[in-house]
Amino acid sequence: MKEQLIDNAYSIARERYASIGVDTDKAMDILQNISLSMHCWQADDVTGFESAGALTGGIQTTGNYPGKARNMEEVRMDILKAMSFIPGRHRLSLHEIYGDFGGRFVDRNEVEPSHFDSWMQWAAENGIKLDFNSTSFSHPKSGNLTLASPDKGIRDFWVEHTSRCRAIAEEMGRRQDDPCIMNLWIHDGSKDITVNRMMYRELLKDSLDRIFSKEYANMKDSIESKVFGIGLESYTVGSNDFYIGYGVSRQKLVTLDTGHFHPTESVADKLSSLLLFVPEVLLHVSRPVRWDSDHVTIMNDETLDLCKEIVRCGALGRVHIGLDYFDASINRIGAYVIGSRATQKCLLQALLEPLPALRRYEAEEKGFERLALLEEAKSMPWNAVWDMFCMRNGVPVGDEFIAGVEEYEAEVTSKRC
């Protein structure tokens, strides 16, 4: 009965969209081939498997909802469960601290591709491709400065760590026959006023040049800026200006994290500028609330504008979409599902936009007609297309996934102590 209702609603939606020049089947085909890079750290509140120490380096997870993953097996189990509720095939982004260290301590300047062999095997068995991140926070040598530290020993330690992470990403890309994107983010900054801004940025520039001196064929480097970190509010060495300059001059990917800008800035507006000067862009999609709070992504105006801009720029092949939030106050598997599906809903609405007609109006300077069509498009039955997309992918339609998440909680995560 429900399948028939979905079919009927979709038939009507297809005709409605055809009347404004939009092919809904084509939109779903395109969405089918867009893989989100889901983040492993939502499963266990950015704990990882290196140590049980507290988070440091401008990062904070809030909440203590029961049932978080306690080990590698549980992280993998939870990720697969979350993916079972999300239409399409998706990637997994790993932080270095999630390596398979065999129960022994491996310092970060000693990490090797072998520490991720089991991840690569697991990913291949489950049809998942991997992305990677170096980890500069929560370590005795982190402090306030890592790659920008005036202490050469500290700086060299983190150069070695990040260089080894690139080698790991290269091996991941080689084995999965698809480039692994390696994101580089550091927290380096100052809690209060600094009078040596230029010096720290010169040191960071030198460290990055050393790290990127080796060329690889199966991985791509991306560099991520931030406005501030907790406890490092006054100055960030790796600012947006710094990394745009570095990314353009070195032709690296630039990462735009939707939580790493002033609340009044439009991250969507940055895409059309960046894409003129860098080869590709990586997105980290989250939801800032008053600050970089990494709330679960929802279908809000900011995410919708971002997805529309990707499509309007014709940049689906050049923009990689990753998720980056960690909410410990609600069911963690549910958080994965909400954020992933919300991002896909925004992408679908972007793909259903009547762009040819809108661009024709704009070219003819018909401002009224353009605005009118933009407004009418908001109330088109995109949700009927979304339901059909979910049904074709064999995942829950509408709110059906809530019961599935609750069942997993009752049977699995609630039993974790």
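As the structure is a computational prediction, the values presented were derived from the model and not from experiment. (Residues numbered from 1 in each chain as written. Predicted model: local features only at pLDDT ≥ 70, side-chain atom pairs only at ≥ 80, totals over all residues. Heavy atoms only, no water.)

## Side note on helix α14 (residues 400–411)
In step 1: For α14, spanning 12 residues, the distance from its first C-alpha to its last is 18 Å, which sits close to the expected 16 Å at 1.5 Å a residue.
In step 2: Among the residues of α14, those classed as buried are F401, G404, V405, Y408 and E409. Axial view of α14: buried residues confined to an arc of 140°, hence all on one face.
In step 3: Looking at the buried positions of α14, the neighbouring elements they touch are α3 (72–83) and α10 (332–351). (Helix = DSSP H or I, 4+ residues; strand = E, 2+ residues; numbered from the N terminus. Expected span 1.5 Å × (residues − 1). Buried < 20%, exposed > 50% of the residue type's maximum accessible area, 1.4 Å probe, protein only. Arc of directions from axis to C-beta. Contact = heavy atoms within 4.5 Å.)

## Regarding the environment of T236
In step 1: Locating T236 in the fold gives a position in strand β7 (residues 235–236).
In step 2: The spacing of T236 and R370 is 134 residues in sequence and 41 Å in space, taken between C-alpha atoms.
In step 3: Not counting residues within four places of it along the chain, the set of residues in contact with T236 comprises D188, G189, R201, K226, V227 and F228.
In step 4: Only 2.7 Å separates the side chain of T236 from the backbone oxygen of V227, close enough to count as a polar contact. (Polar contact = N/O pair within 3.5 Å; in protein donor to acceptor, adjacent residues only side chain to side chain.)

## Describing the UniProt feature "binding site: Mn(2+)" (unreviewed entry) in the protein chain
In step 1: Mapped onto the present numbering, the UniProt feature "binding site: Mn(2+)" (unreviewed entry) falls at H260, D292 and D294. Taking the farthest pair of C-alpha atoms as the criterion, the annotated set spanning 35 residues converges on one region, since that pair is 9.6 Å apart.
In step 2: For D292, a relative accessible area of 8% puts it in the buried group.
In step 3: Sequence-distant contacts of D292, that is, excluding residues within four places in its chain, are made with K226, G259 and H260.
In step 4: Tracing the sequence through the fold places D294 in strand β11 (residues 291–295).
In step 5: In contact with D294, not counting residues within four places along its chain, are S286, R287, D324, Y325 and F326. (UniProt positions renumbered as here; feature names shortened; annotations may be inferred.)

## Regarding the packing of helix α4 (residues 117–125) against helix α5 (residues 152–176)
In step 1: Two numbers describe how α4 lies on α5: the axes approach to 11 Å, and their chain directions differ by 30°. As far as their axial angle goes, α5 and α4 are roughly parallel. Note on packing geometry: the crossing formed by α4 with α5 is right-handed. For the pair α4 and α5, contact is made by D117, M120 and Q121 and by E171, M172 and R175, respectively.
In step 2: For the contact of α4 with α5, the per-class residue count stands at two nonpolar, one polar and three charged. (Axes fitted to C-alpha atoms, helices over the stretch in contact; angles between N-to-C directions. Parallel < 35°, antiparallel > 145°, perpendicular 65-115°, else oblique. Left-handed = near helix turned anticlockwise from the far one by under 90°. Nonpolar A, V, L, I, M, F, W, Y, C, P; charged D, E, K, R; others polar.)

## Quick look at the packing of aromatic side chains
In step 1: Per the counting criterion, the structure on display carries 10 aromatic pairs.
In step 2: Centre to centre, the rings of Y200 and Y235 are 6.1 Å apart; their planes meet at 45°, and the pair counts as tilted. Residue Y200 is located in helix α6 (residues 197–211), and its partner Y235 is located in strand β7; the two are separated by 35 residues in the primary sequence. When sorted by exposure, Y200 lands in the same class as Y235, which is buried.
In step 3: Taking the centre distance of 6.1 Å and the plane angle of 35° together, the rings of W386 and F389 count as tilted. With W386 and F389 both in helix α13 (residues 382–392), this residue pair falls three residues apart, about one helical turn. (Phe/Tyr/Trp six-rings, centres within 6.5 Å; stacked < 30°, edge-to-face > 60°.)

## Remarks on the packing of α3 against α10
Helix-helix packing is characterised by the crossing angle of the two axes and by the distance between the axes.
In step 1: Two numbers describe how α3 lies on α10: the axes approach to 9 Å, and their chain directions differ by 40°. In terms of orientation, α3 and α10 fall into the oblique class. Regarding α3 and α10, the two cross each other, and that crossing is right-handed. Touching D78, I79, K81 and A82 of α3 are I333, Y336 and V337, all from α10.
In step 2: Its residues assigned to classes, the contact of α3 with α10 comprises five nonpolar, no polar and two charged.

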